[in-house]
Amino acid sequence: MAELPAGWRLWHPLDPSPAQALANALCEGIAPRTAIWLNELQRYLGEQAGPCAEQVAAGLRELLQDGSGGPVLILGTVWPEFWTILTAPATPGRPDRYAQTRALLEGSAVHVPGSFKAQDLEDARTVGGHDPRLASALTHAADGRITQYMAGAHAMLERYRIAPPTARAVINAAMDASRLGGASLLPLEFLEAAAEGYLSDDAYDALGEGWLQDALDYTQQPSKGVRGLLSRVRPRPGGSGQAGYRLTDYMDHIGRTERRFAAPPTSFWQAAKDHLSEPPIVRALGEAAESRWRDAEAAGLYQRALDLGDVQAGQHLASLWQDRQRANDAHRVQEQTALAGDGESLEDLLMPLLEQERYQQAEQLVRKAADRGNPTAQLHLARALRLEGTTEEAARWFAEAARCSDPDTLRAFAGDLRGQDDLDGARAMLRAAGDRRALAELVALAAVSGSAAEVEQAAREAFAAGEATPLKNLAEQAEAEGRSTDAARLYRDAVSVYERRRRQRAAGMDLIDFESGPRSLVDHIDPTVLPMPPGESWALRQLIALLDNTQGPSAGGAVLEELARAGNPWALERWLRRLRERGQAPEADALLDSEASRANPWALWVKAHRALHDAQAPDNLCHALLERAVAGRVGQAVRVLMNRAEQSGLADEADQWALHAATRGYTAPLWELIRDREKAGRLEAAEQLAWRTPTSQRSWMLRRLAQLRADQQAVSLLRRAYDEALAWAPGLLAARLEASGLFMEAEHFARLAANAGDRGALRELAADRKGDDPDRQWHALLENGLTAEGSAAPHGDLLGSRLRPAAATASG
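None of these values were measured; they are calculated from a predicted model.

Asks: Which residues make up the overall build of the chain, and what values do they have?
Replies: Counting its secondary structure elements, the chain contains 45 helices and five strands. Radius of gyration (C-alpha) of the chain: 31 Å, near the 28 Å computed for a compact globule of 812 residues. Projecting the C-alpha coordinates of the chain onto the three principal axes gives extents of approximately 90 × 80 × 65 Å. For the chain, contacts bridging at least 24 residues in sequence account for 60% of all contacts bridging at least 6. Looking at the chain as shown, the accessible area adds up to about 39400 Å², and 50% of this sits on carbon and sulfur atoms. Positive and negative side-chain charges of the chain, numbering 92 and 113 respectively, have mean locations separated by a distance of 3 Å.

Here it is, written out as structure tokens:
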């Protein structure tokens with residue numbers, strides 16, 4: 001970054017918060033030639049970024065897609081565990097809260113290995129010898145771990161290892177707050193209250209008056225040019241930032257590994273409840289406590305977050321009370337959640353009241369929630385008042401509901417207005433809602449009262465927001481009515497959008513998987529037949545058919561050729577097929593050669609595939625074509641080279657090809673190679689290869705391998721996975737050990753699993769053992785969960801009021 005070209009500036013958004021600073025700048029406009037440095041990307045996107053996360057993601061996507069503002073570089077860094085969270089697919093049946101974040105990051109990863117190989121290090125010496133920090137790392141870093149060395153890893157880790165008990169306690173509290181709640185800036189009061197529980201009894205008894213300041217002085221001391229383990233953050237005069245202490249990135253990473261199986265002490269949960277005030281962080285800590293079966297701590301934290309206005313925390317807490325069959329507590333929390341603005345909780349409360357004809361209570365609840373600003377309640381109240389004829393008060397509440405930002409409420413209000421023939425008002429509400437469903441409803445509204453041009457414009461807006469049905473229906477209607485020119489124009493418009501999205505996806509891909517699309521039966525039966533590549537859309541398919549039918553095959557062919565040369569592999573395949581069907585095989589071959597010379601991935605793969613299934617093609621030609629296809633980012637070519645090497649007994653070469661693909665996000669060949677070695681009885685070779693998987697993908701691959709293995713074979717793998725701090729390992733290990741009759745060891749690992757956030761393993765073990773439970777400890781555990789210390793919680797003690805003295809020690 002020190003060598004940015006002339007005229008460029010480096011900007012690292014931080015104040016008032018990283019995400020808010022970036023959101024503000026995106027609204028105001030980013031100056032050309034700005035390099036935006038997003039260190040710790042999770043602070044700008046996803047759950048940790050808070051309510052403006054999707055605004056930031058959408059703004060960055062728009063900035064990247066709009067080339068009118070001049071060049072901008074956006075560069076972020078993130079640890080693999082956060083990347084996995086940020087790019088996780090949406091859960092079916094649940095709201096997709098971070099669709100913009102996932103779309104922004106799709107295909108954009110550059111994975112940095114945990115350690116660099118000899119050739120990589122030599123290349124770094126060649127191109128980076130002028131950088132003194134890199135030169136020092138290349139000289140002193142062990143095992144090729146230059147990234148960690150440059151982050152000050154060695155110096156920081158050494159200071160952490162030799163830290164006095166009080167300093168280590170403060171650091172551990174900060175580590176737990178970050179790994180469990182995403183808290184990056186911690187107030188002094190929290191650190192003081194939380195740290196005491198991390199001290200042993202002797203260390204706690206020996207505390208002096210200035211123990212906290214001494215601990216902080218130690219943690220802030222820089223070493224070898226690297227900032228301290230814990231840095232003090234001071235807001236600038238007149239700024240809106242907050243004071244506090246921030247754990248350095250590398251120590252945060254260390255905490256997520258070394259403390260993965262350690263549950264925080266009681267003092268930590270209590271300090272979080274007393275001194276943390278950011279609702280998403282408090283709620284996240286409640287979720288962490290619940291996943292560790294510390295339900296009393298979870299209840300207290302959820303209540304704190306709800307008191308701060310977080311309705312999701314209220315939903316979690318109501319569910320927790322319902323699971324414990326405490327209906328009164330669940331009802332109380334639901335009412336507080338509804339009064340905090342949650343429409344779903346309000347509906348859950350209203351339904352039984354209306355079914356029991358308790359209309360007065362229902363009205364009181366609705367009025368109370370409306371007064372507190374719940375838009376669902378405001379709309380309900382407005383409707384009821386209108387029916388009663390109290391039009392002036394109804395109008396006031398309708399106006400309140402109209403000012404909300406809840407899409408569901410605004411769409412419902414739009415439906416009311418449409419029923420009253422207030423189409424302009426309905427349009428205004430739908431535009432205020434602004435989501436896909438609202439924009440689709442705008443199309444239907446335009447069809448009732450607007451011109452054809454207005455309907456088309458509304459359909460285009462909906463299509464831009466991701467709702468394709470209205471535009472598709474318009475094009476198909478025009479085609480059915482014989483308005484082929486209009487239909488072709490609409491199809492072309494849709495094709496242009498799909499093509500822009502396809503190019504964006506392709507630009508971010510390290511390897512292209514041409515087998516991920518639909519395949520016909522003949523594709524599976526005949527290996528010489530290539531499956532249709534991706535690139536097809538309903539708009540493209542129907543446009544070609546329309547042009548063929550109305551203007552002749554040459555018109556459809558012209559579009560196919562145009563899109564083929566623009567890189568659409570489906571169009572290229574269809575165009576080559578047409579040329580051959582016309583008897584123009586030389587022209588087809590010339591086009592294929594031309595596209596291959598331009599490094600078109602599909603053309604390169606077709607040529608390699610043909611050579612592989614041509615008995616006359618020499619082996620060196622096949623190999624050369626496959627390597628060209630690999631250079632063109634064709635994943636299947638990597639897989640073929642891997643298989644050829646494995647079949648030739650060149651295991652190391654096969655490994656390299658499989659790892660080459662996995663490093664670029666294409667893991668199917670690597671998993672295929674591991675499974676083939678497993679089936680051949682080469683278990684050690686399979687496991688060694690699995691451990692070499694890139695960091696971001698290693699965990700799930702090892703877990704999958706362990707689940708497929710027989711008991712004893714799995715146990716050794718699971719023990720190593722536990723030693724490497726893979727969070728799922730203790731739970732699977734507990735189940736295998738219990739099945740083998742190693743009951744004490746099974747319980748030990750089940751409790752470690754609970755500490756790591758997998759309460760299922762211990763719950764299953766308790767359920768299996770409750771039949772032989774003379775002191776009813778397993779029954780108590782099933783009924784009440786765990787205390788912070790890990791013992792069975794007392795019956796009825798779920799409010800977290802049983803907190804231990806401050807000197808309670810942390811388990812683990």
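Asks: Outline helix α45 (residues 777–784), listing residues and values.
Replies: Of all the residues in α45, the buried ones are Trp778, His779, Ala780, Leu781 and Asn784. On its buried face, α45 sits against α43 (743–755) and α44 (759–769). Downstream of α45 by one or two residues, Gly785 has phi in the positive range, about 75 degrees.

Asks: Can you explain the pattern of salt bridges? Please cite residues and give values.
Replies: Scanning the model with the defined rule gives 52 salt bridges in all. The salt bridge partner of Arg43 is Asp249, with a shortest N-O separation of 3.8 Å. Of the two residues, Arg43 sits in the loop between β2 (34–39) and α2 (53–65) while Asp249 sits in helix α13 (residues 249–258), which places them 206 residues apart along the sequence. Among the residues examined, Arg43 registers a relative accessible area of 16% and is labelled buried. The salt bridge partner of Glu47 is Arg283, with a shortest N-O separation of 2.9 Å.

Asks: Could you give me a rundown of the packing of helix α1 (residues 18–28) against α2, with the residues and numbers involved?
Replies: Two numbers describe how α1 lies on α2: the axes approach to 9 Å, and their chain directions differ by 45 degrees. The orientation of α1 relative to α2 falls into the category oblique. In this structure, α1 crosses over α2, and the sense of that crossing is left-handed. Facing Ala19, Leu22, Ala23, Leu26 and Cys27 of α1, the residues of α2 in contact are Gln55, Val56, Gly59, Leu60 and Leu63.

Asks: Account for the confidence of the model for the chain, with residues named and values stated.
Replies: Scored by pLDDT, the chain comes out at a mean of 87, with 92% of its residues at no less than 70. Counted against residues more than four places away or in other chains, residues 800–812, with its pLDDT under 50, gives 46 contacts.

Asks: Could you give an account of the sheet that holds strand β1 (residues 9–11), with specific residues and numbers?
Replies: Overall, parallel pairing links the three strands, which are arranged β1-β2-β3 in an open sheet. The sheet is open, and its two borders are formed by β1 and β3 (72–77), each paired with just one other strand. Ignoring strand direction, the axes of neighbouring strands in this sheet form an average angle of 20 degrees. The pairing of β1 with β2 spans three bridges and is classified as parallel. Bridge pairing in β2 links Leu10 to Ala35. Strands in contact with α2 are β2 and β3; relative to β3, the strand with the most contacts, it is inclined by about 140 degrees.

Asks: Tell me about the nonpolar core, and please be specific about residues and values.
Replies: If you look at the biggest cluster of nonpolar residues, it comprises 146 residues, and the most contacted ones within it are Trp605, Leu670, Ile674, Leu762 and Leu781. Apart from residues no more than four positions distant in its own chain, Leu670 is found in contact with Ala658, Leu659, Ala662, Leu689, Thr693 and Met701. Residues Ala195, Leu229, Leu320 and Trp321 belong to the second largest nonpolar core, which totals 59 residues.

Asks: Describe in detail the side chain of Asp655, supporting the description with residues and values.
Replies: Tracing the sequence through the fold places Asp655 in helix α37 (residues 651–663). Look at Asp655 and you get buried, because its relative accessible area is 7%. Here Asp655 is in contact with Leu673, Arg677, Leu689 and Arg692, once residues within four sequence places are set aside.

Asks: Describe the packing of aromatic side chains, listing the residues and the values that go with them.
Replies: Tallied over the full model, the rule gives ten aromatic pairs. When the centroid spacing of 5.0 Å and the interplanar angle of 10 degrees are considered together, the rings of Phe398 and Phe413 count as stacked. One end of the pair, Phe398, is in helix α22 (residues 391–402); the other, Phe413, is in helix α23 (residues 407–419), and 15 residues separate them in sequence. Here Phe398 falls in the buried class, since its relative accessible area comes to 11%. Over the aromatic face of Phe463 sits the side chain of Arg501, whose NZ or CZ is 5.5 Å from the ring centroid. Note that Arg720 overlies the ring of Trp691, its terminal NZ or CZ placed 4.0 Å from the centroid.

Asks: Explain the packing of α22 against α23 residue by residue, including any values.
Replies: A pair of packed helices can be characterised by two numbers: the angle between their axes and the separation between those axes. One can describe the packing of α22 onto α23 by two numbers: an axis separation of 10 Å at closest approach and a directional angle of 135 degrees. In this view, α22 runs oblique relative to α23, as classed from their interaxial angle. Here Phe398, Ala401 and Ala402 of α22 lie close against α23, whose contacting residues are Leu410, Phe413 and Asp416. A class-by-class count of the residues in the contact of α22 with α23 yields five nonpolar, no polar and one charged.

Asks: A description of the environment of Lys607 should follow, citing residues and the corresponding values.
Replies: Structurally, Lys607 can be placed in helix α34 (residues 601–612). Linking Lys607 and Leu621, residues 14 residues apart in sequence, is a C-alpha distance of 10 Å. Not counting chain neighbours up to four residues away, the residues in contact with Lys607 comprise Leu592, Asp593, Ala596 and Leu625.

Asks: How would you sum up the state of the cysteines? Please name residues and give values.
Replies: Under the defined criterion, the tally for this structure stands at zero disulfides. You can see Cys404 has no disulfide; the closest cysteine sulfur is in Cys27, sitting 20 Å from it.

Asks: How would you explain the side chain of Asn39 if you had to name every residue and give the values?
Replies: By the secondary structure assignment, Asn39 is in strand β2. In terms of polar contacts, Asn39 uses its side chain to reach the side chain of Thr77, at 2.7 Å. A polar side-chain atom of Asn39 sits 2.9 Å from a polar atom in the side chain of Asp249. When sequence neighbours within four positions are dropped, the list of residues in contact with Asn39 reads His12, Tyr44, Thr77 and Asp249.

How each quantity is defined
- Positions within a chain are numbered from 1, following the residues in the order the chain's sequence is written.
- It should be noted that, the model being predicted, local features are given only for residues of pLDDT at least 70 and side-chain atom pairs only at 80 or more, the latter also being counted only at that level, while totals for whole chains, interfaces and linings use all residues.
- In computing side-chain properties, one takes all heavy atoms of the structure into account and sets aside hydrogens as well as water.
- Numbering of helices and strands starts at the N terminus; helices are DSSP runs of H or I of at least 4 residues and strands are runs of E of at least 2.
- The globule rule is 2.2 Å times the number of residues to the power 0.38, and the radius of gyration it is compared with is taken over C-alpha atoms.
- By definition, residues are in contact when any of their heavy atoms lie within 4.5 Å.
- In short, Shrake-Rupley with a 1.4 Å probe defines the accessible areas, and a residue's cover is counted only from the protein chains shown.
- The charged-residue count follows a simple rule in which Lys and Arg add positive charge and Asp and Glu add negative charge, with His and chain termini not counted at all.
- Just so you know, the charge point we use is NZ for Lys, CZ for Arg, CG for Asp and CD for Glu.
- Only protein chains enter the calculation, and the probe is 1.4 Å; a residue is then buried if its accessible area is under 20% of its type maximum, exposed if over 50%, and partly exposed in between.
- Salt bridge, as used here, is a side-chain nitrogen of Lys or Arg placed within 4 Å of a carboxyl oxygen of Asp or Glu.
- All axes are obtained by fitting lines to C-alpha atoms, using only the stretch in contact for helices, and the reported angles, taken between N-to-C directions, cover 0 to 180 degrees.
- By definition in this entry, angles of less than 35 degrees are roughly parallel, angles greater than 145 are roughly antiparallel, angles of 65 to 115 are roughly perpendicular, and the rest are oblique.
- When the near helix sits turned anticlockwise from the far one by under a right angle, the crossing is termed left-handed; a clockwise turn instead gives a right-handed crossing.
- As a per-residue measure, pLDDT tells how confident the predictor is, with possible values from 0 to 100.
- At least two DSSP bridges between two strands are needed for those strands to be called paired.
- Side-chain atoms within 4.5 Å link the members of a nonpolar core, which is a set of buried Ala, Val, Leu, Ile, Met, Phe, Trp, Tyr and Cys residues.
- Between the rings of Phe, Tyr and Trp (Trp by its six-membered ring), a pair exists once the centres lie within 6.5 Å; its type follows the angle of the planes, with under 30 degrees stacked, over 60 edge-to-face, and the other angles tilted.
- Only when the NZ of Lys or the CZ of Arg is both within 6 Å of the ring centre and within 35 degrees of the ring normal is a charge said to sit over the ring.
- Note on residue classes: Ala, Val, Leu, Ile, Met, Phe, Trp, Tyr, Cys and Pro are nonpolar, Asp, Glu, Lys and Arg are charged, and everything else, Gly too, is polar.
- Cysteine sulfurs are considered disulfide-paired once they come within 2.5 Å of each other.
- Pairs of N or O atoms are called polar contacts if they sit within 3.5 Å, as long as, within protein, a hydrogen donor faces a hydrogen acceptor (for residues adjacent in sequence, only side-chain-to-side-chain pairs).

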